[in-house]
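Per-entry structural report
Here are the chains, one letter per residue:
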Amino acid sequence: METSQSVVELVAAAQTKAKPIEDRVAELVQPTSGQNGTQARMAELSDAISALEAAAVDIFTLFEARMQHHFKRGPFSRKLKAQLLAADKTDLADRFHQYYLAINVLKHGKGASYRELLASPPTLFSLKTADALASEEAQETARLIDISAPGFFDGLTTTILDAYRFLEKA
């Protein structure tokens, strides 16, 4: 029987998987000279961003599943945020909540999490507003959260590890 990976090992594996995708996204968003391969380049960029989004959703979901045992009932992320705030870990509570909302938007699109992010713009990543989306819809590349910006995945995994350490000490 195979031993289950720890949260730290899962995060490390996710980071290893995401790094080459992030590097490729960074290459693809750089302007190129000439128009050769523009459609192919945009398709590759879209695929790479989709892979990065999937990796972000996966690691967050795995973290929630592995750490759910810390709370008897109810929504894990809200309970963790409340516990962090009660322990005066305001920065971590804010970071975790922002990433929680971002992951919800990646999973479900426009909804309560998107509206909450619009009402209180995030500081850890870029959120696209209705105006920006309207201009991108014609290009078929509209995404609500810009996770292609450097640092999104690292910020997410750092926050997950910080929350993990907090819960394990609690």
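These notes cover the structure that comes with them. The model shown is predicted, which means the values in this text are computed figures rather than measured ones. (Residues numbered from 1 in each chain as written. Predicted model: local features only at pLDDT ≥ 70, side-chain atom pairs only at ≥ 80, totals over all residues. Heavy atoms only, no water.)

1. Points about the overall build of the chain
- A tally of regular secondary structure across the chain gives seven helices and two strands.
- Overall, the chain shows an N-to-C arrangement of helices and strands of α-α-α-α-α-β-α-β-α.
- Considering only intrachain contacts with a sequence separation of at least 6, the fraction spanning at least 24 residues in the chain is 63%. (Helix = DSSP H or I, 4+ residues; strand = E, 2+ residues; numbered from the N terminus. Contact = heavy atoms within 4.5 Å.)

2. Describing the packing of aromatic side chains
- The final tally for this structure, using the stated rule, is eight aromatic pairs.
- Pairing tyrosine 99 with phenylalanine 152 gives two aromatic rings, centres 5.4 Å apart and planes at 75 degrees, and the pair type is edge-to-face. Separated by 53 residues along the polypeptide, tyrosine 99 in helix H4 (residues 90–108) and phenylalanine 152 in helix H7 (residues 152–169) bring together distant segments of the chain.
- Residue class for tyrosine 99 comes out buried when judged on its relative accessible area of 2%.
- Considering the side-chain rings of phenylalanine 125 and phenylalanine 152, the 5.7 Å spacing of their centres and the 70 degrees angle between planes classify their relative orientation as edge-to-face. In this pair, phenylalanine 125 sits in the loop between helix H5 (112–119) and strand S1 (126–127) while phenylalanine 152 sits in helix H7, placing the two residues 27 residues apart along the sequence.
- The structure contains a cluster of three or more aromatic residues connected by ring pairs, namely Phe60, Phe63, Phe71, Phe76 and Phe96. (Phe/Tyr/Trp six-rings, centres within 6.5 Å; stacked < 30°, edge-to-face > 60°. Buried < 20%, exposed > 50% of the residue type's maximum accessible area, 1.4 Å probe, protein only.)

3. Let's talk about the nonpolar core
- Core analysis: the biggest nonpolar cluster contains 48 residues, and Phe63, Leu80, Ile145, Phe152 and Leu156 have the highest contact counts within it.
- If you tally residues by element for this core, the top one is helix H2 (residues 38–67), at 11 residues.
- Setting aside chain neighbours within four positions, we find leucine 156 in contact with Ala56, Ile59, Phe60, Tyr99 and Ile103. (Core = buried A, V, L, I, M, F, W, Y, C linked by side-chain atoms within 4.5 Å.)

4. Points about the pattern of salt bridges
- Counted under the stated rule, the structure contains seven salt bridges.
- Close ionic contact of aspartate 91 with arginine 95 constitutes a salt bridge, the shortest N to O distance being 3.2 Å. Of this pair, aspartate 91 and arginine 95 both sit in helix H4, separated by four residues, roughly a single helical turn.
- Judged by its relative accessible area of 16%, arginine 95 is buried.
- Between aspartate 162 and arginine 165 there is a salt bridge whose closest N-O contact spans 3.2 Å. Of the two residues, aspartate 162 and arginine 165 are both situated in helix H7; the distance of three residues between them amounts to about one turn of the helix.
- Note on aspartate 162: relative accessible area 23%, which makes it partly exposed.
- Classification of arginine 165 as partly exposed rests on a relative accessible area of 44%.
- Taken together, the shared-partner salt bridges connect Asp91, Arg95, Asp162 and Arg165 into one network. (Salt bridge = Lys/Arg side-chain N within 4 Å of Asp/Glu carboxyl O.)

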